[in-house]
Amino acid sequence: MGVEMQLVIFWIVVFAAMVVIELITLGLTTIWFAGGALVGLFVSMTDVSFPVQMLLFLAVSFVLLILVRPWARKRFNHGRVRTNVQGLIGQTAVVTEDIDNVQAKGSASVQGQEWMARNVCDEPIAKGTQVTISEVRGVK
């Protein structure tokens, strides 16, 4: 088997591995390297050296990762319902105990659950005030 054929097989294996990893993780990360592997595969069928093939693989993969991934994440995550704690972000809560970051006390109720609460602005918030949840850290 010639070197050219070995390189073609190498790029097919890299492409397949990247696709399988992407299917397992669904992280929109390795699919871009699969795109780079396809470029490597096509270039390997010409008279281009392996270092140039590898350079093209890396360049195409990183360009796809940096430029296309953000667009793809927005497109595929659009309309996805956040679950668990992430679903609380943006919800309205009612302060049930004065929030005071300096004294490390305060709580709020959201969807019938009581949570420890802190203000991101470090200003006290009075009991009974409606607030918007901007982030969740642990149980706060």
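Everything below is about the structure printed above this text.
Attention in this report is confined to the structure presented alongside it. These figures come from a predicted structure and were not determined experimentally. (Residues numbered from 1 in each chain as written. Predicted model: local features only at pLDDT ≥ 70, side-chain atom pairs only at ≥ 80, totals over all residues. Heavy atoms only, no water.)

Considering the arrangement of structural elements, one finds S61 in helix α3 (residues 50-77). On the accessibility criterion, S61 (0% relative accessible area) is buried. Here F57 takes part through its backbone oxygen, which lies 2.7 Å from a polar atom of the side chain of S61. The contacts of S61, once residues within four sequence positions are left out, are W32, F33 and G36. (Helix = DSSP H or I, 4+ residues; strand = E, 2+ residues; numbered from the N terminus. Buried < 20%, exposed > 50% of the residue type's maximum accessible area, 1.4 Å probe, protein only. Polar contact = N/O pair within 3.5 Å; in protein donor to acceptor, adjacent residues only side chain to side chain. Contact = heavy atoms within 4.5 Å.)

The biggest cluster of nonpolar side chains holds 13 residues, and the ones touching the most others in it are W11, V14, M18, W32, F33, A37 and F57. Those elements that place two or more of their residues in this core are α1 (3-25), α2 (30-44) and α3. In terms of residue count, α2 provides more of this core than any other element does, 5 residues in total. Excluding its chain neighbours within four sequence positions, the residues that come into contact with W32 are S61, L64, L65, V68, R69 and A72. (Core = buried A, V, L, I, M, F, W, Y, C linked by side-chain atoms within 4.5 Å.)

What follows deals with the packing of α1 against α2. Between α1 and α2, the shortest axis-to-axis distance is 8 Å and the interhelical angle comes to 165°. If you check the angle between α1 and α2, you find them roughly antiparallel. For the pair α1 and α2, the crossing hand works out as left-handed. In this structure, α1 uses L7, V8, W11, I12, V14, F15, M18, V19, I21 and E22 to contact α2, whose residues at the interface are T30, I31, F33, A34, A37, L38, G40, L41 and S44. (Axes fitted to C-alpha atoms, helices over the stretch in contact; angles between N-to-C directions. Parallel < 35°, antiparallel > 145°, perpendicular 65-115°, else oblique. Left-handed = near helix turned anticlockwise from the far one by under 90°.)

Quick look at the packing of aromatic side chains now. Using the criterion set out here, one finds 6 aromatic pairs in the structure. Look at F10 and W11: their rings are 4.9 Å apart centre to centre, the planes differ by 75°, and that puts the pair in the edge-to-face class. Look at F10 and you get partly exposed, because its relative accessible area is 31%. The class of W11 is buried, set by a relative accessible area of 1%. Measuring from centroid to centroid gives 6.2 Å for W11 and F50, while their planes differ by 35°, and the two rings are tilted. Note that W11 is positioned in helix α1 and F50 in helix α3, a separation of 39 residues in sequence. A network of ring pairs unites the aromatic residues F10, W11, F33, F50, F57 and F62 as a single cluster. (Phe/Tyr/Trp six-rings, centres within 6.5 Å; stacked < 30°, edge-to-face > 60°.)

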